[in-house]
Amino acid sequence: MSFGIVATLGKLAAWLTVLLATAPIMLWVERRGSALIQDRRGPNRVGPLGLFQGLADAVKFLFKEDIVPAGADRPLYLLAPILALVPALTTFVVIPFGPVVEVGGRAVNLIVAGVDTGVLLLLALASLGVYSLVMAGYSSNNKYSLLGAVRASAQMISYELALTLSVVAVLIPVGSFRLDEVVAAQQGTWFGFVPQWNVAPQIVGFIVFLVAAFAETNRLPFDLPEAESELVAGYHTEYSSMKFALFFMGEYMSMATLSALAATLYFGGWHLPGIDYSGPWAWVALKGLTVLVAKIAVFMLFFVWVRWSFPRFRFDQLMRLGWKVLLPLAIFNLVAIAALTVAGVL
Amino acid sequence: MAVFALFAFLAVASAMVVVTHRNPVYSVMSLVVTLISLAVMFVLLGAPFLAALQVLVYTGAILVLFLFVIMLLNIEREAPGGGHKLQKLGAALAALVFAGLLATWFVAAQGAVEPVPLDAEAVALVPLARHLFSTYLLPFEIVGVLLLAAVIAATALARRGGTSVGEDEA
């Protein structure tokens, strides 16, 4: 095998380890977190502090009865949970997790796919996520599932616009679609200790991005597609066993990818001022990955915190927020950032 | 070459499914496969930007709207044997004529046209953007206005029939 292929496989392995570990860890964090917020104990029987609850749940999922409802559209019904993982397992390829390192005399950029289209590719792949929800809802032969799917498609299209526009505003001062260049542009400091992260000049865009990210991942307060008080469980009502688990994992991995994107766009990505990124390549890669994962973890905790603190929006409120508040804000932010960039301020 | 063959086959096969399948949801899903295969073609031709836009705009937005409308209107499967006999005959004739034209053109073009490699400069991001916002600025803006007009017209048409929905508490 050529050196390039081995390097790419290595980078993929590093990312996949992080992503696949996300679901069981988040399962524990979410349940203990919700218990903490609601003044309950949460799962505390399996292992110390209930840490092995995720493992127990995985075993349980494997042994549950696998049901395909009568009248279901079988091919689409089986395809939907697989598609739920596709955007989650592909979008991370354009997110860098370290600088260019030297391995055995050859330069290796710590990004799986260092392509010029960069973040555009990520947005394109992420936009395919809605198909899994729509297929699941349509094929289940269940009115609650169908309603969930209709809501999902309307919601994801509406919030994708605001999300994309806020991302574009970050790219204008950088002048590139590449996320490694976005990270490189954030490595300075103000007054010697305040990191020059994009979140300061792009605060409006960041807020729009964050709200849209909640809607894109169908998390409370925007979990209308699966609103359990009205739709049982929305698009995945009829799914059981590992098929349900795939939707579950897909949701957490999408959260992780969007958190990684938020960290990279607005909070300096893998870079942290004060950390020395020199030395042997494995050590540098480990440091970059650790910093990025720490930033992702902060966002994930925020996701959990918000979920158990806010009530669900009504669907008309969701649509109004998306089209009448977030979209104008994102456009205003885009024009302002473009003007400031041309004026030479940013 | 193997990649091209695979995705060319996928594009053509899924395009066939789009027009032949009786269930509109399957047709849209096949169209998704067609468009993604075409995006792969763009990448092979050295235009990854175009490929990303194709996936983002067509499969990510427009086809989702198609699906949304199909599910909202609850369009059923097309009944088998639909369509007039003459209609079928006409369609078959038109397909034959089209295939004949394509074949003639293909045979005539063999050897007559030298394949030219795509100029990498022409599809790179910066030159593309520069052309779009200087040489082709007027057509670009006209297309934008046209699309806006189409949206307004569609809204007006949709609102004329039936009771209009309240502005604020929709």
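Keep in mind the model is a prediction, meaning the values are calculated, not measured.

Participant: Mind showing me how you'd approach the overall build of chain A here?
Facilitator: Helix and strand content of chain A: 12 helices and 4 strands. Taken over the C-alpha trace, chain A has a radius of gyration of 21 Å; the compact-globule value for 346 residues is 20 Å, and the two agree within 12%. The principal-axis extents of the C-alpha atoms in chain A amount to approximately 60 × 45 × 45 Å. Here chain A, with 346 residues, has 51% of them falling under the buried criterion. At a minimum sequence separation of 6, the contacts of chain A that also span at least 24 residues come to 75%. By element, 70% of the accessible surface of chain A is carried by carbon and sulfur atoms, the whole surface being about 15,200 Å². Here chain A holds 22 positive side-chain charges and 20 negative ones, and the gap between their average locations is 6 Å.

Participant: Got a minute to help me understand the side chain of Ser166 of chain A in this structure?
Facilitator: Within the secondary structure, Ser166 of chain A is located in helix H6 (residues 143–174). With sequence-adjacent residues up to four places away left out, Ser166 of chain A is seen in contact with Gly205, Val208, Phe209 and Tyr266 of chain A.

Participant: Honestly, the interface of chain B and chain A in this entry has me stumped. Any pointers?
Facilitator: Quite often, the size of an interface is put as the accessible area lost when its parts meet. Taken together, the contacts link 26 residues of chain B with 27 residues of chain A. Each partner contributes to the roughly 2,200 Å² buried at the junction of chain B and chain A, and carbon and sulfur atoms together form 77% of this total. When residues of chain B are sorted by the area they lose upon contact with chain A, Tyr26, Leu56 and Met71 of chain B head the list and together hold 27% of the total. Our enumeration of links across chain B and chain A arrives at 2 residue pairs in polar contact (both at pLDDT 80 or more). Among the elements of the structure, helix H2 (24–44) and helix H3 (48–73) of chain B are those that each provide at least two residues to the side of chain B that touches chain A. If one sorts the elements of the side of chain B that touches chain A by residue count, H3 of chain B sits on top with 16 residues.

Participant: Which parts of the structure should I look at to understand empty space enclosed by the protein?
Facilitator: Rolling a probe over the atoms, with the probe sized like a water molecule, indicates the empty space that remains. Residues and elements named next belong to chain A. Scanning the entire structure with this criterion turns up 1 cavity of 30 Å³ or more. What the largest cavity holds in volume is close to 400 Å³. Ala126, Gly129, Met156, Glu216 and Ser254 are the residues nearest the centre of the largest cavity, which is lined by 26 residues in total. Secondary structure elements with two or more residues in the lining of the largest cavity: helix H3 (74–90), helix H4 (118–126), helix H5 (129–139), H6 and helix H10 (241–266). For the lining of the largest cavity, the element with the most residues is H10, which contributes 6 residues. For the lining of the largest cavity, the per-class residue count stands at 13 nonpolar, 10 polar and 3 charged.

Participant: Can you help me understand the pattern of salt bridges in this one?
Facilitator: Pairing is possible between side chains that carry opposite charge, provided their charged atoms lie close to one another. All names here are of chain A. By the definition in use, this model includes 7 salt bridges over all chains. Between Asp316 and Arg314 there is a salt bridge; the shortest N-O distance is 2.9 Å. By relative accessible area, which is 21% here, Asp316 ends up partly exposed. A single network of salt bridges, built from pairs that share partners, joins Arg178, Asp180 and Glu181.

Participant: Honestly, the confidence of the model for chain B in this entry has me stumped. Any pointers?
Facilitator: Any region with low pLDDT has predicted coordinates that should not be read closely. The predicted model of chain B has a mean per-residue pLDDT of 80, with 84% of residues at 70 or higher. By mean pLDDT, helix H5 (residues 120–123) of chain B is the weakest element of chain B at 68, and helix H4 (residues 85–109) of chain B is the strongest at 88.

Participant: Any chance you could explain the domain arrangement of chain B here in plain terms?
Facilitator: Looking at the assigned domains, one finds that chain B contains domain 1 (1–76) and domain 2 (120–159). Taking only C-alpha atoms, the centre of domain 1 of chain B and the centre of domain 2 of chain B are 22 Å apart.

Conventions and cut-offs
- Residues numbered from 1 in each chain as written.
- Chains lettered and ligands numbered in written order.
- Predicted model: local features only at pLDDT ≥ 70, side-chain atom pairs only at ≥ 80, totals over all residues.
- Heavy atoms only, no water.
- Helix = DSSP H or I, 4+ residues; strand = E, 2+ residues; numbered from the N terminus.
- Rg over C-alpha atoms; globule rule 2.2 N^0.38 Å.
- Buried < 20%, exposed > 50% of the residue type's maximum accessible area, 1.4 Å probe, protein only.
- Contact = heavy atoms within 4.5 Å.
- Areas by Shrake-Rupley, 256 points an atom, 1.4 Å probe, with all protein chains shown as cover.
- Lys, Arg positive; Asp, Glu negative; His and termini not counted.
- Charge placed at Lys NZ, Arg CZ, Asp CG, Glu CD.
- Buried area = accessible area lost by both parts, 1.4 Å probe.
- Polar contact = N/O pair within 3.5 Å; in protein donor to acceptor, adjacent residues only side chain to side chain.
- 1 Å grid on protein atoms, 1.4 Å probe; cavity = no way out; pocket = protein on both sides within 12 Å on 5 of 7 lines; lining within 4 Å.
- Points joined across faces, edges and corners; volume = space filled by probe spheres on them.
- Nonpolar A, V, L, I, M, F, W, Y, C, P; charged D, E, K, R; others polar.
- Salt bridge = Lys/Arg side-chain N within 4 Å of Asp/Glu carboxyl O.
- pLDDT = per-residue confidence, 0-100.
- Domains from an automatic or database assignment.

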